[in-house]
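# Secondary and tertiary structure notes
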Amino acid sequence: MAEPTRPLRDPAVTPDGDLLVVSHTSHENFKTRGMATIPSRFVIPIIFVPGIMGTNLRAKKNPRDKAEKNLELEPGAPAWRMPNGSVDGFRETGRWKGRNPQQRQRILDAATLEVDDGGDIVIPPCSLDPREMRKRGWGELHAASYAQVLYTLQSHLDYTFRLDGLGKRQIRGRWKRVMECDPQRWGVRSIAPLTEAELERFARFQYPVYACGYNWLESCAKSADRLEKKVREVIEFWTGTKHVCTQVILVTHSMGGLVARACAKRIPDQIAGVVHGVMPALGAPVCYRRIACGTEHSSPVNDRLENFVAGKFAEIVGETPDATTPVMAVAPGVLELLPNHLHPPYWLTAGMSRSSHSPGAPPEYMEHLRLPRGSPYDMYRDLKSWYRVINPDIADPAGAFQEHPGDVINRIIAAINDAEHFHRQGIDTYYHPRSYAFYGADPEHISYGSIRWVGHQPDHLSFSITTSAVEQAKFLSHTHDGRRNVNIEGRAFFFAPEQQDALGDGTVACHSGAGPKGKVRQLFETRGFGHQDGFKNEDMLLLTQYLIAKIAQEAK
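Here's a quick rundown of the structure. Remember, it's a predicted structure, so these values are computed and weren't measured experimentally. Each chain has its residues counted from 1, running along the sequence as written. Two thresholds apply to this predicted model, a pLDDT of at least 70 for residue-level local features and 80 or more for giving and counting side-chain atom pairs, whereas whole-chain, interface and lining totals are computed over all residues. With hydrogens and water excluded, all non-hydrogen atoms of the structure serve as input to the side-chain values.

### Section: the overall build of the chain
Across its full length, the chain holds 17 helices and 24 strands. Relative accessible area decides the class of each residue, using a 1.4 Å probe on protein chains only: under 20% of the type maximum gives buried, over 50% gives exposed, and in between gives partly exposed. Taking all 556 residues of the chain together, 53% fall into the buried category. Whether two residues are in contact is decided by their heavy atoms, any of which lying within 4.5 Å being enough. Restricting the contact set of the chain to residue pairs at least 6 apart, pairs at least 24 apart contribute 76%. Each accessible area value is a Shrake-Rupley result obtained with a 1.4 Å probe; residue values ignore everything except the protein chains displayed when judging cover. Accessible surface computed for the chain: about 24700 Å², of which carbon and sulfur atoms make up 51%. Secondary structure is summarised from DSSP: a helix means a run of H or I of at least four residues, a strand means a run of E of at least two, and numbering begins at the N terminus for each.

Quick look at the structure:
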């Protein structure tokens, strides 16, 4: 009878292309043998690209000049690490809640930050050595959001078949689940099944899993520079170690999809294909909401625990416009998430309400007036209207742009111009020809499909407004919770944004998630998870595995 075996870590690749397997000696009475899997010499690396806020950032270790020196943190100190777990969450919430707008502005100054590869790697035991995980960039990403997808892909892509006790080849259980998955669980009526012949071709390659974070405060164009460099370095490493590697597969989450599209447009031949998850292809009105009003604390479909978590997230990101504006107003990466030139128009409206005469009944709403007219970027550059996204008066509490008069406005306009240039010239309608995408369209995770400002008027008034009157109204002040005091034809009204109103994933509305329709190989309308949990959902992990296998069929 054959002696029992135990799996060893995947072999490490030495600079000269040899494979190094580490085992340990044991007592001669211990008869279990170590078994190492020798991977294929044909390689298709997988590079995962996270969403906004999903990359850890730190103060630059070696700032070249005064402009690159963070004024709040020591060189190399962590600037942004989303919490992993409840204990870490309470600690991080307390830390950010105690920081005033000036500190937030100084800490999250894009020019002084770089990707932090020293984040937690919270991964169950798997075939990859932890030191190799860090070399591949896993520590750059927020572990609570992305550890599951990195672990799953690393643990299963290279293990398609096994031998049973009789030496007969069998498809491994995980791949059987991929092949048998009900298409409706992936949001489609039908799908081309993954065949055993395709799985055989897929198994000719090995699929090392990498991560590529980026400074999400900078333009996605700069982030695409970093991703392009990563793609070239990974391919160069494998070809330099006696392997055959000409292309990578990109798997993206949210804003990472915009970065990947820009990168793929530059080097399409080095990309075998792209899997996009919950990408805000047309932008997201929630971005306007968070800059203009602060981060939302709740959703009408949330339970008490979900709203509690949302409140803690708001405390970290910024509960008020005074907290969010100084960081986001001059960050092109953030502004690139605003509804872009391809987004359906009239997502911003204003209207009036008055109390119902029936006790306990909801207020009566008058017709909403559509705002703005013309290019959305013209509206973003409008820093005077009461419904403006950015209030320049609260954009520079730290005085970083006061050296010359008008500097803060110039910085804001420059950041908006960068965002417009990225969308119109950097990506526009481009998708890699072998792209797939899934998005959320869930009534249990509604999102901001529009932003609706509603002004309240007392019962004794009957005041009708026109589009002209609203556009000419004057901004008076704003409150801590983001409401705006507005003067319309001599009368003052408080306008507040209404709650989420569209199917989605809690962040991206379904019409933006569906933006790739007609431009990708297949689009999947899915349910059952929130935006940040897209790659923690088992069905989406199975779908991602399926799509990688399909892309690999056409890889060079």
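### Re the sheet that holds strand β12 (residues 248–253)
To summarise the sheet geometry, strands pair through backbone hydrogen bonds and adopt either a parallel or an antiparallel arrangement. When DSSP locates at least two bridges between a pair of strands, those strands are taken to pair. If you walk across this open sheet you meet the six strands as β11-β5-β12-β13-β17-β24, and the pairing is parallel. Each edge of the sheet is formed by a strand with only one pairing partner; in this case those strands are β11 (209–211) and β24 (522–526). Neighbour-to-neighbour, the strand axes of the sheet open up by a mean angle of 15 degrees, direction not taken into account. Two strands pair when backbone bridges link them, and strand β5 (residues 46–49) and β11 are joined in this way by three bridges, in the parallel orientation. From the neighbouring strand, I47 faces β11, where its bridge partner is Y210. Where helices are involved, their axes are fitted lines through C-alpha atoms of the stretch in contact, as for all axes, and angles between N-to-C directions lie from 0 to 180°. Each of β5, β11 and β12 touches helix α4 (residues 143–156); the most contacted strand, β11, lies at about 155 degrees to it. Across the face of the sheet, helix α8 (residues 256–266) comes into contact with β5, β12 and β13 (271–277) while running at roughly 150 degrees to β12.

### Digging into empty space enclosed by the protein
Here a cavity is any set of points on a 1 Å grid over the protein atoms alone where a 1.4 Å probe fits but cannot get out, and a pocket is any open set with protein on both sides within 12 Å along at least 5 of 7 lines; a residue lines the site when it has an atom within 4 Å of a point. Grid points are joined across faces, edges and corners, and a volume is the space filled by probe spheres set on the points. Scanning the entire structure with this criterion turns up four cavities of 30 Å³ or more. Within this model, the largest cavity holds a volume of roughly 70 Å³. Looking at the largest cavity, the residues that line it are I52, M53, W80, L108, W216, I316, V317, V327, M328 and V334. Listing elements by their share of the lining of the largest cavity, those giving two or more residues are α10 (304–317) and α11 (321–328). Here the term charged refers only to Asp, Glu, Lys and Arg, the term nonpolar to Ala, Val, Leu, Ile, Met, Phe, Trp, Tyr, Cys and Pro, and the term polar to all other amino acids, Gly among them. Tallied by class, the residues present in the lining of the largest cavity amount to ten nonpolar, no polar and no charged. Every residue lining the second largest cavity is listed: I291, A292, P321, T325, R388, V389, N391, I394, F475, H478 and R484.

### Describing the pattern of salt bridges
Salt bridges are defined by distance alone: a side-chain nitrogen of Lys or Arg within 4 Å of a carboxyl oxygen of Asp or Glu. Taken as a whole and judged by the stated rule, the model has 34 salt bridges. A salt bridge links E114 to R58; the shortest N-O distance between them is 3.0 Å. A residue pair is termed long-range when its members are at least 10 positions apart, and E114 in strand β8 (residues 113–115) and R58 in strand β6 (residues 57–59) qualify at 56 residues. E114 sits in the partly exposed class, given a relative accessible area of 22%. Residue classification places R58 among the buried positions, given a relative accessible area of 11%. Linking K312 and E315 is a salt bridge whose minimum nitrogen-to-oxygen distance equals 3.8 Å. Highlighted residues: K312 and E315, both in helix α10, separated by three residues, approximately one helical turn.

### Overview of the nonpolar core
Each nonpolar core is a collection of buried residues, namely Ala, Val, Leu, Ile, Met, Phe, Trp, Tyr and Cys, held together in the definition by side-chain atoms within 4.5 Å. In this structure, W80, L217, L227, Y288 and W453 are the most contacted members of the largest nonpolar core, which totals 96 residues. Dropping the residues within four chain positions of it, Y288 is found in contact with C293, L338, W347, L348, M379, Y387, R388, V389, I451, W453 and R484. Judged by nonpolar contacts, the second largest core, of 51 residues, contains V149, W175, W186 and L542.

### Considerations on the layout of surface pockets
What the largest pocket holds in volume is close to 1500 Å³. In terms of lining residues, the largest pocket is bounded by 49 residues, among which M82, V309, A310, F313 and Q532 are the most central. Broken down by element, the lining of the largest pocket gets its largest block of residues, eight residues, from α10. Grouping the constituent residues of the lining of the largest pocket by class yields 22 nonpolar, 20 polar and seven charged.

### Topic: the environment of F493
Looking at the secondary structure, you find F493 in strand β22 (residues 491–497). Considered as a pair, F493 and Q457 are 36 residues apart in the sequence and their alpha carbons are 7.1 Å apart.

### Examining a nonpolar patch on the surface
A cluster of nonpolar residues, F90, L305, F308 and V309, forms a patch on the protein surface that exposes about 430 Å² of accessible area. Sort the elements by how many residues they give to the nonpolar patch and α10 lands first, with three residues. Within the secondary structure, F90 is located in helix α1 (residues 86–97). Patches draw on residues past 30% relative accessible area with no salt bridge. Two like charges within 9 Å are joined, as are two nonpolar side chains (Val, Leu, Ile, Met, Phe, Trp, Tyr) within 5 Å.

### Focus: helix α5 (residues 173–180)
Along α5, the positions that sit buried rather than exposed are R174, W175 and V178. Considered in projection along α5, the buried side chains sweep an arc of 95 degrees and stay on one side of the axis. Where α5 is buried, its residues meet α4, β10 (169–171), α6 (196–202) and α17 (538–552). To be clear, the arc concerns the directions from the helix axis to the C-beta atoms.

### Notes on the sheet that holds strand β7 (residues 78–80)
Taken in spatial order, the three strands line up as β7-β6-β8 in an open sheet, and their pairing is antiparallel. Each edge of the sheet is formed by a strand with only one pairing partner; in this case those strands are β7 and β8. Pairwise comparison of adjacent strand axes, ignoring direction, gives a mean angle of 45 degrees for this sheet. Looking at chain direction, β6 and β8 are connected through three bridges and run antiparallel. Bridge pairing links R58 to E114 in β8.

### Section: the packing of helix α7 (residues 220–239) against α8
α8 packs onto α7 with a crossing angle of 60 degrees between their chain directions and a minimal axis gap of 8 Å. As far as their axial angle goes, α8 and α7 are oblique. Viewed along their axes, α7 and α8 form a crossing whose handedness is right-handed. Across the interface between the two elements, C220, A221, S223, A224, D225, L227 and E228 of α7 pack against L258, V259, A260, A262, C263 and R266 of α8. Broken down by class, the residue content of the contact of α7 with α8 amounts to nine nonpolar, one polar and three charged. Roughly parallel covers angles under 35 degrees, roughly antiparallel covers those over 145, roughly perpendicular covers 65 to 115, and oblique covers all other angles. Two helices that cross are described as forming a left-handed crossing if the nearer one is turned anticlockwise from the farther one by less than a right angle, and a right-handed crossing if clockwise.

### Considering the side chain of H423
Mapped onto the elements, H423 comes out in helix α14 (residues 407–427). Apart from the residues within four sequence positions on either side, H423 is in contact with L258, E336, N340, H341, Y377 and D428.

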